[in-house]
Amino acid sequence: MERKILRIPEIPNDKVVLLNISKSYNADKDTDPMFVRENDYEMTRKYWTVNLDIVREAEYAFGVANGIVVAVFTDLKWDYIESPYFGTMRKAFTGRRVDDSPYLGLDLSEYMSVRNPFRYVNIEVTR
């Protein structure tokens, strides 16, 4: 098994999970209801397929829309949540917003992809 750690120069030490919320953030009247959320906290916090053992190491969760960090949360508590859209249990967190985070507005587009809606930064992952 290979061990990997994603390093991003602009995030030198903090353990972070990047969550791609672009579909919800860009939602309009034609968007599938499962992506429509009332605010960036709800967009960022729920219905993920993350690994709980890994994501519980994260100090921060970043909501990333169109490659830009638009929301930052800390004091994360991750657990299972029932999803009305997927018919399976998914994962979600509760946390506290960090309005004055230096990471807000950071362009992480080179690290995000549609295929992988989340990324772990500075957290060891075994594959």
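Higher on the page you've got the structure.
Report follows, based on the coordinates. (Residues numbered from 1 in each chain as written. Predicted model: local features only at pLDDT ≥ 70, side-chain atom pairs only at ≥ 80, totals over all residues. Heavy atoms only, no water.)

As a further point, take the sheet that holds strand E3 (residues 46-48). What the six strands build is an open sheet, ordered E3-E6-E5-E4-E2-E7; its pairing is mixed. Looking at the sheet topology across the chains shown, the edges are occupied by E3 and strand E7 (118-121). Pairs of neighbouring strands in the sheet enclose a mean axial angle of 40°, with direction left out of account. Where strand E2 (residues 16-20) meets E7, four bridges bridge the pair, whose relative direction is antiparallel. By the bridge assignment, Val 16 is partnered in E7 with Val 121. (Pairing = 2+ DSSP bridges. Helix = DSSP H or I, 4+ residues; strand = E, 2+ residues; numbered from the N terminus. Axes fitted to C-alpha atoms, helices over the stretch in contact; angles between N-to-C directions.)

Here Arg 45 shows up in helix H2 (residues 40-45). Exposure remark for Arg 45: the relative accessible area of 13% places this residue in the buried category. From its side chain, Arg 45 meets the backbone oxygen of Phe 93 in a polar contact 2.9 Å long. Setting aside anything within four residues of it in sequence, one finds Arg 45 in contact with Ile 81, Lys 91, Ala 92, Phe 93 and Thr 94. (Buried < 20%, exposed > 50% of the residue type's maximum accessible area, 1.4 Å probe, protein only. Polar contact = N/O pair within 3.5 Å; in protein donor to acceptor, adjacent residues only side chain to side chain. Contact = heavy atoms within 4.5 Å.)

Aromatic ring pairs are described here by two measures, namely the spacing of the ring centres and the angle between the planes. Under the defined criterion, the tally for this structure stands at eight aromatic pairs. With a centroid separation of 6.5 Å and 55° between ring planes, the pair formed by Tyr 60 and Phe 62 is classed as tilted. Given the relative accessible area of 0%, Phe 62 is considered buried. Judged by centre distance (5.6 Å) and plane angle (55°), the ring pair of Phe 118 and Tyr 120 falls under tilted. The residues Phe 118 and Tyr 120 share a single accessibility class, namely buried. (Phe/Tyr/Trp six-rings, centres within 6.5 Å; stacked < 30°, edge-to-face > 60°.)

On the secondary structure map, Phe 73 appears in strand E5 (residues 68-82). Overall, the relative accessible area of 1% leaves Phe 73 in the buried class. It is 4.4 Å that separates the C-alpha atoms of Phe 73 and Arg 97, two residues lying 24 residues apart in sequence. Ignoring sequence-local partners within four residues, the contact set of Phe 73 consists of Asp 40, Tyr 41, Thr 44, Glu 59, Tyr 60, Ala 61, Phe 93, Arg 96, Arg 97 and Val 98.

Tallied over the full model, the rule gives eight salt bridges. Its salt-bridge partner being Lys 46, residue Glu 42 comes within 2.9 Å of it at the nearest N-O pair. Like Glu 42, the residue Lys 46 is buried in the burial classification. Members of the salt-bridge network, linked through shared partners, are Asp 40, Arg 97 and Asp 99. (Salt bridge = Lys/Arg side-chain N within 4 Å of Asp/Glu carboxyl O.)

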